[in-house]
Amino acid sequence: MDKQGNRALITGINGQDGSYLAEFLLEKGYEVFGTIKRNSVSENQTARLDSVYKEIGKNLIYADLCDQSSLISALHKSRPTEVYNLAAQSHVRISFDQPVYTALSTGLGTLNLLEGIRIIDPTIKMYQASSSEMFGNNIDSDGYQRETTPMNPVSPYGCAKVYSYNICRNYRQSYNLFVSNGILFNHESPRRGSNFVTSKVVKTAVQIKKGIKNELRLGNLNATRDWGHAKDYVKAMWQILQYDKPDDFVCSTGVSHSVKDLVDYTFSKLKISTDCVKPDKKYFRPEELDDLKGDSSKLKNAVGWSPSYTFEQLIDEMIEYWDQKL
């Protein structure tokens, strides 16, 4: 396959991570292509790409991880030097409602893409979006999860991600493909979907402040997560593919906060009472994941990555976004 310069294909380019990664790679001088799924509400489909749509609109390709022929077509059209596989059914709670679709898109979809690369151009470098959800409730004695922590997922999403992680390692070892896993812990931004807990908390808190809503219903307030900013994490994705060999890296801030911490900080910042926060069984998972906190020492030592956003700066940015939008 004839390639010129740095060309990247981002699956799921219109998601939170895909949109930030597209902006980052364009600044690096890449020609950026991306796959999107057909959506009947096409007007909203590329909203996160508004700032770069003029540059990449012509390079958006309809494809689906469950449809290997569409992935092969996307690889032919884009002729990439790097592929970033960010597409997935990515909502953990919803994976319990749609376990088969999650397994097909988040799990077997990665295999479809790997096979496409192996057949069409095995020199392509591939980044796989792996997840801290793969660890489940396993945590090392010092309270952290790292590359060597045993994986024991507690959701269909986590199980599908473990399959993707392992099939990437298998293809790397079997076919000498440059395939790296980024085991990313939770990362948020103003572009995060509003059914994810950070956006849900911040958006609803702003709505309560403005008198639009009067309560916030949540699941497990005691669950802790290692929350970073998506802008920091897409830089790590790129750095991982620039490393001299394919490998697997945890990407995290190393600091955890509970959902209750998130609620308390957000409501305090907006100067409103948390009395309107109510527990709701609807939002509890069938099997809970209690604590996530990552050790990204390997990544920091290998490529010099470090997060620039604190938890508080991240939430402040999200509060400002929703305050202006609503």
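As a reminder, the structure under discussion sits directly above these lines.
Residues numbered from 1 in each chain as written. Predicted model: local features only at pLDDT ≥ 70, side-chain atom pairs only at ≥ 80, totals over all residues. Heavy atoms only, no water.

So, on to the pattern of salt bridges. When charged atoms on two side chains of opposite charge get close, those side chains can pair. The tally for this structure, following the rule as stated, stands at 18 salt bridges. Its salt-bridge partner being Asp 97, residue Arg 93 comes within 3.6 Å of it at the nearest N-O pair. You can see Arg 93 and its partner Asp 97 sitting in helix H4 (residues 92-97), four residues apart, about one turn around the helix. Residue Asp 97 is classed as exposed on the basis of its relative accessible area, which comes to 56%. A cluster of three or more residues bridged by salt bridges with shared partners is formed by Asp 140, Asp 142, Arg 146 and Asp 295. (Salt bridge = Lys/Arg side-chain N within 4 Å of Asp/Glu carboxyl O. Helix = DSSP H or I, 4+ residues; strand = E, 2+ residues; numbered from the N terminus. Buried < 20%, exposed > 50% of the residue type's maximum accessible area, 1.4 Å probe, protein only.)

What follows covers the packing of helix H1 (residues 16-27) against helix H8 (residues 230-242). Helix-helix packing is described using two parameters, namely the angle between the two axes and the distance between the axes. H8 packs onto H1 with a crossing angle of 65° between their chain directions and a minimal axis gap of 9 Å. With respect to the hand of their crossing, H1 and H8 are arranged in right-handed fashion. Every residue of H8 that contacts H1 at Gln 16, Asp 17, Tyr 20, Leu 21, Phe 24 and Leu 25 is listed here: Ala 230, Lys 231, Val 234, Lys 235, Met 237 and Trp 238. Taken together, the residues of the contact of H1 with H8 sort by class into eight nonpolar, one polar and three charged. (Axes fitted to C-alpha atoms, helices over the stretch in contact; angles between N-to-C directions. Left-handed = near helix turned anticlockwise from the far one by under 90°. Contact = heavy atoms within 4.5 Å. Nonpolar A, V, L, I, M, F, W, Y, C, P; charged D, E, K, R; others polar.)

Two numbers describe how helix H9 (residues 259-269) lies on helix H11 (residues 311-325): the axes approach to 11 Å, and their chain directions differ by 55°. Here H9 is positioned oblique relative to H11, judged by the angle of their axes. The crossing of H9 and H11 is right-handed. Seen from H9, the contacting residues are Leu 262, Tyr 265, Thr 266 and Lys 269; seen from H11, they are Phe 311, Glu 312, Ile 315, Asp 316 and Ile 319. Class assignment for the residues of the contact of H9 with H11 results in five nonpolar, one polar and three charged. (Parallel < 35°, antiparallel > 145°, perpendicular 65-115°, else oblique.)

Assignment of secondary structure puts Glu 147 in the loop between strand E5 (125-131) and helix H6 (156-175). Here Glu 147 sits buried without a salt bridge, and the closest side chain of opposite charge, Lys 298, lies 5.1 Å off (N-O distance). Within polar-contact distance, the side chain of Glu 147 engages the backbone nitrogen of Val 250 at 2.7 Å. With sequence-adjacent residues up to four places away left out, Glu 147 is seen in contact with Asp 248, Phe 249, Val 250, Asp 295 and Lys 298. (Lys, Arg positive; Asp, Glu negative; His and termini not counted. Polar contact = N/O pair within 3.5 Å; in protein donor to acceptor, adjacent residues only side chain to side chain.)

This next bit is on a nonpolar patch on the surface. A cluster of nonpolar side chains, Val 100, Leu 104, Leu 108 and Tyr 163, forms an exposed patch at the surface whose accessible area comes to about 340 Å². If you tally residues by element for the nonpolar patch, the top one is helix H5 (residues 99-120), at three residues. Take Val 100: its relative accessible area is 60%, and that puts it in the exposed class. (Patch = residues over 30% accessible without salt bridge, like charges linked within 9 Å, V, L, I, M, F, W, Y side chains within 5 Å. Areas by Shrake-Rupley, 256 points an atom, 1.4 Å probe, with all protein chains shown as cover.)

What follows concerns the sheet that holds E5. Here seven strands make up an open sheet; going across it, the order is E3-E2-E1-E4-E5-E6-E11 and the pairing parallel. Bordering the open sheet on either side are strand E3 (60-62) and strand E11 (248-251), each of which pairs with just one other strand. Each adjacent strand pair in this sheet contributes to an overall mean axis angle of 20°, direction not counted. Relative to strand E4 (residues 82-85), strand E1 (residues 7-11) runs parallel, the two being bridged by four bridges. When the sheet's bridge partners are listed, Ala 8 is paired in E4 with Glu 82. (Pairing = 2+ DSSP bridges.)

On to the environment of Gln 242, then. Checked against the element boundaries, Gln 242 lands in helix H8. Here the alpha-carbon distance between Gln 242 and Lys 125, two residues 117 residues apart in the chain, equals 9.3 Å. One polar contact links the side chain of Gln 242 to the main-chain carbonyl oxygen of Trp 238, over a distance of 3.0 Å.

Before going further, it helps to spend a moment on H1. In a regular helix each residue adds 1.5 Å, so 12 residues correspond to 16 Å; H1 covers 17 Å between its end C-alpha atoms and thus fits that length. Most of H1 sits inside the fold, with 11 of its 12 residues counted as buried. Taken together, the buried positions of H1 are Gln 16, Asp 17, Gly 18, Ser 19, Tyr 20, Leu 21, Ala 22, Glu 23, Phe 24, Leu 25 and Leu 26. Backbone geometry just downstream of H1 places Gly 29 in the positive-phi region, at approximately 90°. (Expected span 1.5 Å × (residues − 1).)

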